[in-house]
Amino acid sequence: MYANEYRNKLRTPEEAVKVVKSGDWVFMSHFAMFPQALDEALSKRVGEVHDVMVRSVCATVSPKICAADPEKKSFTYMSGYLSGHERKLGEKGLCYYIPGNYSASPTNIRNGNMYPPDVAMIQTTPPDNNGYFNFGTSVSYARATCEKAKTIILEVNDQVPWVLGGEQESIHISEVDYIVEKSYPLPQLPPTNTETEAERAIASILIEEIEDGSCLQFGIGGMPNTIAKMIADSDLKNLGIHSEMATTSYIDLILKGKVNGSMKNIDRYKTVFTFAMGTQQLYDFLDRNPSFASYPVDITNNPNRIALNDKQIAINNTVEIDLLGQISSESSGTRQISGTGGQVDFTMGASQSKGGKPFICMSSTTMHGGKLTSRIVPSIKTFSAVTCPRTIAPTIVTEYGKAQLTGKSTFKRAEMLIELAHPDFREDLIKAAQAQNIWTRTNKIS
């Protein structure tokens with residue numbers, strides 16, 4: 001039915017990107033769905049256009065427009081959450097961060113707080129018989145972007161899984177201006193196979209906090225993988241998942257019957273997420289799998305909606321935390337490492353959930369310049385971002401234990417956090433607390 005319309009809109013990547021003019025704002029779909037063919041074609045226009053602003057999120061390949069234009073004569077690239085590729089570009093001054101809570105992105109696009117895109121370049125599946133293309137593994141705010149874009153170009157990839165959704169997971173051919181075709185495997189995020197002793201200790205603490213019927217959120221990294229393995233081997237049952245990210249670690253939990261969503265108050269029997277990154281096994285597992293439902297991020301990450309599920313468990317990582325309970329999870333000084341993402345969203349949502357428990361986790365130490373340093377510090381590094389303010393600091397977990405900071409005074413927080421620090425740093429942290437006037441004669445360190 002739509003074959004003629006499809007053919008009429010079909011272009012080569014080079015033809016399609018000619019629509020981009022100097023001064024335009026261009027949005028490229030994000031995570032594993034970064035449109036590689038359109039990026040490459042646009043990179044060839046260096047020198048033809050100028051002041052083109054390009055934004056994406058956590059690109060899983062290094063954008064070629066940056067490599068082709070190191071002096072930024074034509075393109076300025078921005079990201080809402082830095083991937084490893086984008087972090088390296090940022091260190092060269094070729095990638096800039098866009099601060100913000102992930103949940104607010106669709107609203108910011110629709111109300112104009114984010115510059116409305118002149119051109120949206122979105123990777124999708126091929127169309128179905130009804131003329132709909134699916135946004136695949138990155139629903140996020142693809143629909144909001146298309147609503148505001150003046151021109152929509154789809155990069156159709158037959159290797160993208162069709163991911164079933166709750167809403168806004170597809171776009172109709174009638175809304176699209178141009179179509180390009182390219183076939184390639186989605187970039188993969190292999191699971192971390194090396195577990196540190198600290199990660200195992202933290203996971204052991206967290207597993208004791210999870211009950212039958214809990215609803216889980218956790219994301220990237222070795223420690224979440226470790227927790228998932230422990231859950232898979234545990235006696236826990238009737239778990240649910242409401243998360244911003246779907247990972248490969250979810251597969252085993254579903255196949256072993258640990259996760260079925262039967263106790264969720266909303267989206268029962270569904271694993272809910274807004275984007276997925278993982279192995280090819282994950283992408284194959286997601287394809288038309290009715291146990292999954294993808295939603296835009298203003299739904300998945302809305303704290304009020306998160307709280308509708310009882311026993312919501314939110315497990316997130318951080319870079320460092322100071323004695324006041326300020327949590328810095330995305331940068332170190334002026335170096336942007338990742339982004340705010342959904343950490344604030346899920347910390348607030350889980351804290352409002354009946355029986356919910358938000359956790360911020362980290363190993364107590366890290367190596368910096370060949371020297372062992374504490375991640376519990378007197379104060380956050382100068383220029384580092386505070387991701388979670390002290391007013392919403394939840395339970396903090398290191399390999400030395402856990403500390404529930406909510407409702408605690410400054411001197412009690414200092415004591416509890418110092419108990420979570422590596423023993424070699426505790427004496428200096430006590431002195432720092434005394435100097436900050438957050439230490440009393442009643443404080444004790446066990």
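Figured I'd write up the structure that's included with this text. Model, not experiment: these values are computed from the prediction.

**Quick notes on the packing of helix H15 (residues 410-420) against helix H16 (residues 423-435)**
Between H15 and H16, the least distance of the axes is 9 Å, while the angle of their chain directions is 165°. Taken as axis vectors, H15 and H16 run roughly antiparallel relative to one another. Our pair here, H15 against H16, has a crossing hand that is right-handed. Every residue of H16 that contacts H15 at Ala414, Ile418 and Glu419 is listed here: Arg426, Leu429, Ile430 and Ala433. Residues that form the contact of H15 with H16 fall into these classes: five nonpolar, no polar and two charged.

**Considerations on the packing of aromatic side chains**
Applying the stated criterion across every chain yields a total of eight aromatic pairs. When the centroid spacing of 6.3 Å and the interplanar angle of 15° are considered together, the rings of Tyr6 and Phe133 count as stacked. Taken as a pair, Tyr6 in helix H1 (residues 3-9) and Phe133 in strand S6 (residues 132-134) lie far apart in primary sequence, 127 residues in all. Of the two residues, Tyr6 and Phe133, both sit in the buried class. Plain terms: the ring middles of Phe27 and Tyr141 are 5.8 Å apart, the flat faces sit at 50° to each other, and that makes the pair tilted. In this pair, Phe27 sits in strand S1 (residues 25-28) while Tyr141 sits in the loop between S6 and helix H7 (142-148), placing the two residues 114 residues apart along the sequence. On the basis of relative accessibility, which here comes to 0%, the residue Phe27 falls in the buried class. Since its relative accessible area comes to 5%, Tyr141 is described here as buried. Members of the aromatic cluster, joined through ring pairs, are Phe31, Tyr102 and Phe275. In this structure, Arg305 is placed above the aromatic ring of Tyr295, and the distance from its NZ or CZ to the ring centre is 5.5 Å.

**Thoughts on the pattern of salt bridges**
One pass over the full model with this rule turns up 23 salt bridges. Here Glu91 ties to Arg335 by a salt bridge, and the two come within 2.7 Å at their closest N and O atoms. Separated by 244 residues along the polypeptide, Glu91 in helix H5 (residues 84-91) and Arg335 in strand S20 (residues 335-336) bring together distant segments of the chain. Between Glu147 and Arg110 there is a salt bridge, with its nearest N and O atoms 2.8 Å apart. Taken together, the positions of Glu147 in helix H7 and Arg110 in helix H6 (residues 105-110) put the pair 37 residues apart, joining distant regions of the chain. If you follow the salt bridges from partner to partner, you end up with Glu209, Glu211, Lys311, Lys357 and Lys402 in one network.

**Describing the sheet that holds strand S7 (residues 151-156)**
Adjacent strands of a sheet pair through backbone hydrogen bonds, lying either parallel or antiparallel. If you trace the seven strands from one edge of the open sheet to the other, you get S4-S3-S2-S1-S5-S7-S9, paired in parallel fashion. With one partner strand each, in any of the chains shown, strand S4 (96-97) and strand S9 (178-181) form the two edges of the open sheet. Here strand S5 (residues 119-124) pairs with S7 via six bridges, running parallel. Directly across from Val119, in S7, lies its bridge partner Thr151. Helix H3 (residues 36-43) contacts S1, strand S3 (75-79), S5, S7 and S9 of the sheet and is inclined by roughly 120° relative to S7.

**Digging into the environment of Val119**
Mapping Val119 onto the fold places it in strand S5. Remark: the alpha-carbon pair of Val119 and Ile179, spanning 60 residues in sequence, is separated by 13 Å. Setting aside anything within four residues of it in sequence, one finds Val119 in contact with Val19, Val20, Asp24, Trp25, Val26, Phe27, Thr151 and Ile153.

About the cut-offs
- Residues numbered from 1 in each chain as written.
- Predicted model: local features only at pLDDT ≥ 70, side-chain atom pairs only at ≥ 80, totals over all residues.
- Heavy atoms only, no water.
- Axes fitted to C-alpha atoms, helices over the stretch in contact; angles between N-to-C directions.
- Helix = DSSP H or I, 4+ residues; strand = E, 2+ residues; numbered from the N terminus.
- Parallel < 35°, antiparallel > 145°, perpendicular 65-115°, else oblique.
- Left-handed = near helix turned anticlockwise from the far one by under 90°.
- Contact = heavy atoms within 4.5 Å.
- Nonpolar A, V, L, I, M, F, W, Y, C, P; charged D, E, K, R; others polar.
- Phe/Tyr/Trp six-rings, centres within 6.5 Å; stacked < 30°, edge-to-face > 60°.
- Buried < 20%, exposed > 50% of the residue type's maximum accessible area, 1.4 Å probe, protein only.
- Lys NZ or Arg CZ within 6 Å of the ring centre and 35° of its normal.
- Salt bridge = Lys/Arg side-chain N within 4 Å of Asp/Glu carboxyl O.
- Pairing = 2+ DSSP bridges.

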